Amino acid sequence: MLGKSVWAMLLGIQQAMVEDVVFDAARGVVVAHVRVSQRTRPRCGRCGTGAKPAPLYDRGQGRRRWRSLDIGTWQVWIEADAPRVACRVHGHTVRAFAWARHDAGHTRDFDQQVAWLATHCSKSAVTQLMRISWRTVGNIVARVWAQTAGARDPFAGLSRIGIDEISYKRGHKYLTVVVDHDTGRLVWAAPGRDRATLRSFFDALGPHRSAQIAQVSADGADWIKGVVAERCPDAVQCADPFHVVRWATEALDAVRRDAWNTARRAAGGSRRDGRAHGQERIVATGHAQALKRARWALWKNPENLTTRQRAKLDWIAKHDPRLHEAYLLKEGLRLVFQLDPTDAPTALTRWTQRSRDSGLESFTALARRVQTHREPILAAISHGLSNGRIESVNTKIRLITRRAFGFKSPDALIALAMLTLGGQPPALPGRT
Ligand SMILES: [Zn+2]
């Protein structure tokens, strides 16, 4: 049997002695029985190991177990007495342990490894490797983030921010998120999408730093505009280019759906193709089929098109001039954002006129919307807001919200997003 001090080192426990190590070969489990060294005076678990000592109160609920990192293929648990102390602030509370956070069933090293894995690997990789549920992963990332968050000022040097809303729980709930345009970091997130939620961001930022905000980009929603005007009136309000481009993509899609439905209903536009799920199956043919297949070609930026997709666009230009016009309008609006700030106002005016005159219902509506947001759109161009960066953070947050499905609270979702995108990624335990 190895010496007890070697066991203490292996388990990463400080200020404690290993009294016994019990192997359960059938279950592949090792339990290390540990006693906190008598030289370490007890402290309140909620105040933490750095706080003043507190007098012991009673034995609490007796012994307690914490899951530690595996050794080889063995699952390791640490077991120790968990007496309560009398804290002046928190009353009768279980004492603090150096190896685990208060109220946690896992050691700090275990928490740290789970947090690292959660920001790097798939859901199933984390849960299978660590042998814990996804919900437990959520609780762990929440407590790791709670500690990380206090360690650094997330708002230092903030000057250009993007504010956005992200849906989660399959679109039933929302988060408000704030991203730093200059670093591409997620700096703040909270549940809700309303004025009160956004005001709590500016409360955390404080009046002095709010006054340092030079530009704010958003999707043009009134609740964002109102609060920004109220809390940092000197900031220039810009439209997030990727939102505006998304409006155009939606308008194009409305035209495409229209064209497809018309073609499908026309003679020779569809045919019966057996039965599926107890219903007659109708498939598109001819013109309708070609339109359906052209969907990706219409959505992609022209520089990313494959040769086949390019050919599909040529086909649309020849056979469906209305849809092709819609495509050109979508592209036109996207290109306005790449123009020199001095050329952008004229180009945007021309685009708005052409859209209005197109006779395409979704684009005349879009022209009105763009006209309403003309000033923030031009401000985004003249301040050179980096669209790619904000869009990529936005896409990553959306992916995280999908992964976080199954977490019990939005706090866990926010913690995972902040640990992944907040610029303070969790380190692996025992590495510096
Ligand atoms: Zn306390």
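Residues numbered from 1 in each chain as written. Predicted model: local features only at pLDDT ≥ 70, side-chain atom pairs only at ≥ 80, totals over all residues.

- An unreviewed UniProt entry annotates the protein chain as ISL3 family transposase of Nocardioides abyssi.

**A look at the pairing of strand E2 (residues 29-36)**
Part 1 of the argument: Residues Val-30, Ala-32, Val-34 and Val-36 line the buried face of E2, whereas the alternating positions Val-29, Val-31, His-33 and Arg-35 sit on a face that is not buried.
Part 2 of the argument: Judged from the eight bridges that link them, strand E1 (residues 16-24) and E2 form a sheet pairing that is antiparallel. Each bridged residue has a counterpart across the sheet, and for Met-17 the counterpart in E2 is Arg-35.
Part 3 of the argument: What sits between E1 and E2 in their antiparallel hairpin is a turn of four residues, with Gly-28 showing a positive phi close to 70°.
Part 4 of the argument: Pairing geometry for E2 and strand E5 (residues 74-81), over five bridges, is parallel. Along E5, the bridge assignment pairs His-33 with Glu-79. (Buried ≥ 20, exposed ≤ 12 C-beta atoms within 10 Å, placed from the backbone. Helix = DSSP H or I, 4+ residues; strand = E, 2+ residues; numbered from the N terminus. Pairing = 2+ DSSP bridges.)

**A word on the UniProt feature "domain: Transposase IS204/IS1001/IS1096/IS1165 helix-turn-helix" (unreviewed entry) in the protein chain**
Part 1 of the argument: UniProt's feature table lists "domain: Transposase IS204/IS1001/IS1096/IS1165 helix-turn-helix" (unreviewed entry) at residues 99-145, given in the numbering used throughout.
Part 2 of the argument: Helix and strand shares over residues 99-145 are 70% and 0% respectively, and the end C-alpha atoms of the span are 17 Å apart. (UniProt positions renumbered as here; feature names shortened; annotations may be inferred.)

**Topic: the UniProt feature "domain: Transposase IS204/IS1001/IS1096/IS1165 zinc-finger" (unreviewed entry) in the protein chain**
Part 1 of the argument: Mapped onto this numbering, the UniProt entry annotates "domain: Transposase IS204/IS1001/IS1096/IS1165 zinc-finger" (unreviewed entry) at residues 41-89.
Part 2 of the argument: For residues 41-89, the end-to-end C-alpha separation is 18 Å, with 0% helix and 49% strand making up the annotated structure.

**Comments concerning the packing of helix H12 (residues 344-356) against helix H14 (residues 374-382)**
Part 1 of the argument: Direction vectors running N to C along H12 and H14 enclose 140°, while the axes themselves pass 10 Å from each other. Relative to H14, H12 is oriented oblique. Considering the relative orientation of H12 and H14, their crossing is right-handed. In this structure, H12 uses Ala-344, Pro-345 and Leu-348 to contact H14, whose residues at the interface are Arg-374, Ile-377, Leu-378 and Ile-381.
Part 2 of the argument: In terms of residue class, the contact of H12 with H14 is built from six nonpolar, no polar and one charged. (Axes fitted to C-alpha atoms, helices over the stretch in contact; angles between N-to-C directions. Parallel < 35°, antiparallel > 145°, perpendicular 65-115°, else oblique. Left-handed = near helix turned anticlockwise from the far one by under 90°. Contact = placed C-beta atoms within 7 Å. Nonpolar A, V, L, I, M, F, W, Y, C, P; charged D, E, K, R; others polar.)

**A closer look at helix H4 (residues 134-149)**
Part 1 of the argument: Between the first and last C-alpha of H4 there are 22 Å, a value that for 16 residues agrees with the 22 Å anticipated at 1.5 Å per step.
Part 2 of the argument: If you check which residues of H4 are buried, you get Val-137, Gly-138, Asn-139, Ile-140, Val-141, Ala-142, Arg-143, Val-144 and Trp-145.
Part 3 of the argument: Among the structural elements, helix H2 (108-120), helix H3 (123-130) and helix H16 (410-421) are those in contact with the buried residues of H4. (Expected span 1.5 Å × (residues − 1).)

**As for the packing of helix H11 (residues 321-336) against H12**
Part 1 of the argument: Direction vectors running N to C along H11 and H12 enclose 165°, while the axes themselves pass 10 Å from each other. The angle between H11 and H12 falls in the class roughly antiparallel. In this structure, H11 crosses over H12, and the sense of that crossing is left-handed. From H11, Leu-329, Gly-332, Leu-333 and Val-336 reach across to H12, where they touch Ala-344, Ala-347, Leu-348, Trp-351, Arg-354 and Ser-355.
Part 2 of the argument: Across the contact of H11 with H12, the residue classes break down as seven nonpolar, two polar and one charged.

**Topic: the pairing of strand E6 (residues 84-87)**
Part 1 of the argument: Sheet analysis places strand E3 (residues 56-58) next to E6, joined by two bridges and oriented antiparallel. By the bridge assignment for E6, Asp-58 is matched with Arg-84.
Part 2 of the argument: Pairing of E6 with strand E7 (residues 91-94), which is carried by four bridges, proceeds in the antiparallel orientation. Bridging across to E7, Ala-86 finds its partner in His-92.
Part 3 of the argument: Where E6 folds back onto E7 in an antiparallel hairpin, the turn is made up of three residues.

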